[in-house]
Amino acid sequence: MLGMQAANNLRETFQEKDMIRFHPIVMGANCAVNIIPDEIVLESHVRAKTLAAVEFENRKINRAMAGAALAMGAGVEISDRPGHSPAFHDPALMKLAEQCCCDLVGEDHVAFDYSAWMTGTTDFGDVTQIMPGVQFFASGESGIVHGIDFQVTDPERLCINSAKAQLFVTDALLGNDAAAAKEIIANYKPAYASIPEFLNTVDKLILDKDAVIYDENGDVTIDFQNH
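Each value, and the rule that gives it
- Within any chain, residue numbers begin from 1 and follow the written order of that chain's sequence.
- Side-chain atom pairs in this predicted model are given and counted only at pLDDT of 80 or more, local residue features only at pLDDT of at least 70, and totals for whole chains, interfaces and linings cover all residues.
- Side-chain descriptors were evaluated using all non-hydrogen atoms of the structure, hydrogens and water having been removed beforehand.
- In what follows, a disulfide is any cysteine sulfur pair within 2.5 Å.
- Each patch is built from salt-bridge-free residues with over 30% relative accessible area, joining like charges within 9 Å and nonpolar side chains (Val, Leu, Ile, Met, Phe, Trp, Tyr) within 5 Å.
- Only the protein chains shown count as cover for residues, and the accessible areas themselves come from Shrake-Rupley with a 1.4 Å probe.
- Any carboxyl oxygen of Asp or Glu within 4 Å of a side-chain nitrogen of Lys or Arg constitutes a salt bridge here.
- Starting at the N terminus, helices and strands are each numbered in turn, a helix being any DSSP run of H or I of at least four residues and a strand any DSSP run of E of at least two.
- In a helix, the anticipated span is given by 1.5 Å times the number of residues less one.
- Relative accessible area decides the class of each residue, using a 1.4 Å probe on protein chains only: under 20% of the type maximum gives buried, over 50% gives exposed, and in between gives partly exposed.
- Contacts are residue-level and defined by heavy atoms, with any inter-residue pair within 4.5 Å sufficient.
- Here a polar contact is taken to be a pair of N or O atoms separated by no more than 3.5 Å, where protein atoms must pair a possible hydrogen donor with a possible acceptor and residues adjacent in sequence count only if both atoms sit in side chains.
- Between the rings of Phe, Tyr and Trp (Trp by its six-membered ring), a pair exists once the centres lie within 6.5 Å; its type follows the angle of the planes, with under 30 degrees stacked, over 60 edge-to-face, and the other angles tilted.
- As used here, the term nonpolar core means buried Ala, Val, Leu, Ile, Met, Phe, Trp, Tyr and Cys residues forming a set that is joined through side-chain atoms within 4.5 Å.

Enquirer: I'd like a rundown of the state of the cysteines, residues and numbers included.
Expert: Evaluation of the coordinates by the stated rule reveals 0 disulfides. Unpaired in this structure, C102 has its nearest cysteine sulfur neighbour in C101, at a distance of 7.1 Å. The closest cysteine sulfur to the non-disulfide-bonded C159 is located on C101, 15 Å from its own sulfur.

Take a look at the structure:
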């Protein structure tokens, strides 16, 4: 609880431009209700607009957990694993996809927001770190996404129109000897110049260590980051 409180206070230091999200849950303890548990498992995500921001803020969260453990005379084992990378939607590819959707259903039924950014992530984000991409959605559902009330209400719009839109985009990219695709690729400025560079960055986020170590004299070593 002390570590989570420290992390909550750190929210005041998050830069809004980086869209930082930290949302921990306690996974449970194997003990009786009237017993102070000797071990608690806390799981969380640290999300942001860039991998650099994820790494920077995650280090602060680890520091908070290590500091809280030290304050209580406890230990903390940190296990960091990279999740999906932040997604970047290429504006040029978005423009092409938007036009294709307008051609399919009319511009009155199409809305693209070029400044929006979603905190949700998928492996699509990993792809856009090295090559242009766009993720767009078809309507035809109701309820809260990932919620118990989510359901398909219009299969024609959600499934058929979605497939048609993807075919329209494919045709627009590959037609005329793939002129549009070649132009988009040529003008794209990826976050990482190559796949190995991207993978090396991701690998650096992996961490497994005891962050607070006590010796026989009661002296403490704190180490909560990669080196």
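Enquirer: Describe in detail a nonpolar patch on the surface, supporting the description with residues and values.
Expert: A surface patch of nonpolar side chains, about 290 Å² in accessible area, is lined by L70, Y214, V220 and I222. Structurally, L70 can be placed in helix α2 (residues 51–72).

Enquirer: For the pattern of salt bridges, give the residues involved together with the corresponding values.
Expert: Side chains that differ in sign of charge can pair as their charged atoms come close. The full count for this structure, using the stated rule, is 7 salt bridges. A salt bridge links R81 to D208; its shortest N-O distance comes to 2.7 Å. Taken together, the residues R81 in the loop between β5 (77–80) and α3 (91–105) and D208 in strand β8 (residues 207–210) connect sequence positions 127 residues apart. For E98, the salt bridge is made with K95, and the minimal N-O distance between the two is 4.0 Å. Residue E98 and its partner K95 are both found in helix α3; the two are separated by 3 residues, about one turn of the helix.

Enquirer: Requested: an account of helix α5 (residues 155–187), with residues and values cited.
Expert: The terminal C-alpha atoms of α5 lie 36 Å apart, and with 33 residues this falls more than 12% below the ideal 48 Å at 1.5 Å per residue. For α5, the set of buried residues is N161, A165, V169, L173, A178, A181 and I184. The inward-facing, buried residues of α5 abut α3.

Enquirer: An account of the side chain of T128 is requested, with residue identities and associated values reported.
Expert: Position of T128 relative to the elements: it lies in helix α4 (residues 124–128). T128 sits in the buried class, given a relative accessible area of 1%. For T128, the side chain forms a polar contact with the main-chain oxygen of G125, separated by 2.9 Å. In this view, T128 contacts P86, A87, F88, G133 and Y188; residues no more than four positions away in its chain are not counted.

Enquirer: Give a description of the packing of aromatic side chains that names residues and reports values.
Expert: Applying the stated criterion to the full structure yields 3 aromatic pairs. Seen in terms of ring centroids, F112 and F136 are 6.2 Å apart; in terms of plane orientation they differ by 35°. Their pairing is tilted. Residue F112 is found in the loop between α3 and α4, and its partner F136 is found in the loop between α4 and β6 (141–142); the two are separated by 24 residues along the sequence.

Enquirer: Let's hear about the nonpolar core: which residues, and what values?
Expert: Most often, soluble globular proteins have nonpolar side chains that are buried together. The biggest cluster of nonpolar side chains holds 21 residues, and the ones touching the most others in it are F22, I61, M65 and V76. Elements represented by at least two residues in this core include exactly α1 (2–10) and α2. Counting residues per element, this core draws most heavily on α2, at 7 residues. With residues near it in sequence (within four places) discarded, I61 still touches A7, L10, F14, F22 and V46.

Enquirer: Give me unusual backbone geometry: which residues, what numbers.
Expert: The backbone of M19 sits at a positive phi, close to 55°, despite the residue not being glycine. Following the sequence through the fold, M19 ends up in the loop between α1 and β1 (21–22). A relative accessible area of 17% means that M19 is categorised as buried. One non-glycine residue, N176, adopts positive backbone phi at about 55°.

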